Structure formats: C-alpha cells, structure tokens
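Spelled out, the chains give:
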Amino acid sequence: MPEHTASAPLGERVFALPDEAATEAFAAALAHAIVSRMAHTDAAHAGLHVQLSGDLGAGKTTLVRALLRALGHTGRVKSPTYALCEPYNIDTPQGVLPVYHFDLYRFADPAEWHDTGFREHFAGDALCLVEWPEKADGLLGTPDLRLWLEPVGDGRRLTTSAYTPAGLACLNSC
C-alpha cells in the first residue's frame, strides 16, 4: 500500500482492472473528468497533480499511456525513465492542456528533485503525472490524486485517494 500523504484523503475508491480494456475504461473516465474540470475552472488554477505508485511492472506507465490516449494524444508515448520528464501539449475542446509525465525511479536521493527544476511545472494549468513519487520523499507536496496499482492475478487493483477538492471531483466522476 502507498505511504500516506501528510493529510487524510477526502475520498478513496478501489477499482478492479482485470484487463487492458478495464484500464483504458478507467483512463477514459479520468480523462473526461479532467477535461470537464478544465471547462469549469479558470486556466490559472486548472492544474492537477496525480501521483502513481506501485511495484515495477504494476502498470503505472500503461495507465499513463491510456490516459494520454483518452485525452486525445495520438503520438508516441515514451516512458520518461531516462529523461525523467516527457512533456505533451494536448488539444482539448477547452484549449491546450500541458501534460508533464515524470518518472522518478532513478532518483538516488530525494534532493535530486530540487536539482531538476521541475517544480515550476506544478503551478498553473498543467496536468502532472508522477510515477515513483516516493523517490522524492514528500518534496512534491500533496497530490490531488494518488493512484496505487497492485498486480492481482492477470489484472490489477487500483486504489485511488483524493487529497484535494479537485482530486475528489475527478475521483467522483470515475
């Protein structure tokens, strides 16, 4: 189970993802919630911080790929394991959604987070998707959503926790 964020979650839900189709369906519901939120929030505060945790091979990158596709990204989705961050600009009916996909797996020390200069991506209207947030040891701040993936048989169990009203609104729409 994920390490707990400083505050208690406002809401939690568990989803069974028995196969790729279920993962894509969850990603589509989350994409719809994100785009709907953009439509009802001023751009300066439309950003969302989502942390994804789970062991190697748990499906974090697979879920991010499905989410980016559901948001409308048609190009290649690369794992940011070596680059640390892959940026995307996705056209939505509400305008361009900047997305930053982070993978902190290679961090040897949480202080590396400060050295990357990525903090600025978390301000404003960006969707920030962070794999392996525990490698930054709490320096990322409180996420809107925390997604924890665990293998169960041939599928996955997705435990979701919302820590902000924005995260809770998205979670309630999934």
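Rules behind the numbers
- Residues numbered from 1 in each chain as written.
- Predicted model: local features only at pLDDT ≥ 70, side-chain atom pairs only at ≥ 80, totals over all residues.
- Heavy atoms only, no water.
- UniProt positions renumbered as here; feature names shortened; annotations may be inferred.
- Core = buried A, V, L, I, M, F, W, Y, C linked by side-chain atoms within 4.5 Å.
- Buried < 20%, exposed > 50% of the residue type's maximum accessible area, 1.4 Å probe, protein only.
- Pairing = 2+ DSSP bridges.
- Helix = DSSP H or I, 4+ residues; strand = E, 2+ residues; numbered from the N terminus.
- Axes fitted to C-alpha atoms, helices over the stretch in contact; angles between N-to-C directions.
- Parallel < 35°, antiparallel > 145°, perpendicular 65-115°, else oblique.
- Left-handed = near helix turned anticlockwise from the far one by under 90°.
- Contact = heavy atoms within 4.5 Å.
- Salt bridge = Lys/Arg side-chain N within 4 Å of Asp/Glu carboxyl O.

The name that an unreviewed UniProt entry assigns to the protein is tRNA threonylcarbamoyladenosine biosynthesis protein TsaE, with the source organism given as Pandoraea pneumonica. UniProt, in the comment section headed Subcellular location (unreviewed entry), describes the protein in these words: "Cytoplasm". The record held by UniProt for the protein lists under Sequence similarities (unreviewed entry) the comment "Belongs to the TsaE family."

Undergrad: Just give me the short version of the nonpolar core, but keep the residues and values in it.
TA: A general trend in soluble globular proteins is that nonpolar side chains are found buried together. Ranked by size, the top nonpolar core spans 37 residues in total, and within it Ile34, Leu67, Leu71 and Leu127 carry the most contacts. Counting 15 residues, the second largest nonpolar core, distinct from the first, contains Leu84, Phe107, Phe118 and Cys128.

Undergrad: Summarise the sheet that holds strand S6 (residues 145–152); cite the residues concerned and give the values.
TA: The strand order S1-S7-S6-S2-S5-S4-S3 describes an open sheet built from seven strands, whose pairing is mixed. With one partner strand each, in any of the chains shown, strand S1 (11–17) and strand S3 (85–92) form the two edges of the open sheet. In this sheet, adjacent strand axes meet at a mean angle of 20° when their direction is disregarded. One ladder, built from five bridges, connects strand S2 (residues 48–53) with strand S5 (residues 127–131); its direction is parallel. Its bridge partner lying in S5, Val50 is registered against Leu129.

Undergrad: An account of the packing of helix H1 (residues 20–39) against helix H2 (residues 60–71) is requested, with residue identities and associated values reported.
TA: Where H1 contacts H2, the two axes come as close as 8 Å, and the packing angle between them is 50°. Comparing the axis directions of H1 and H2 gives the class oblique. Judged by the sense of rotation from one axis to the other, the crossing of H1 with H2 is right-handed. Counted together, Thr23, Glu24, Phe26, Ala27, Ala28, Leu30, Ala31, Ile34 and Val35 of H1 and Leu63, Ala66, Leu67, Ala70 and Leu71 of H2 form the full contact between these two elements.

Undergrad: Any details on the pattern of salt bridges? Residues and values, ideally.
TA: A side chain of one charge can pair with a side chain of the opposite charge when the charged atoms of the two come close. Tallied over the entire structure, the rule returns three salt bridges. Between Glu150 and Arg157 there is a salt bridge; the shortest N-O distance is 3.3 Å. For Arg157, a relative accessible area of 35% puts it in the partly exposed group.

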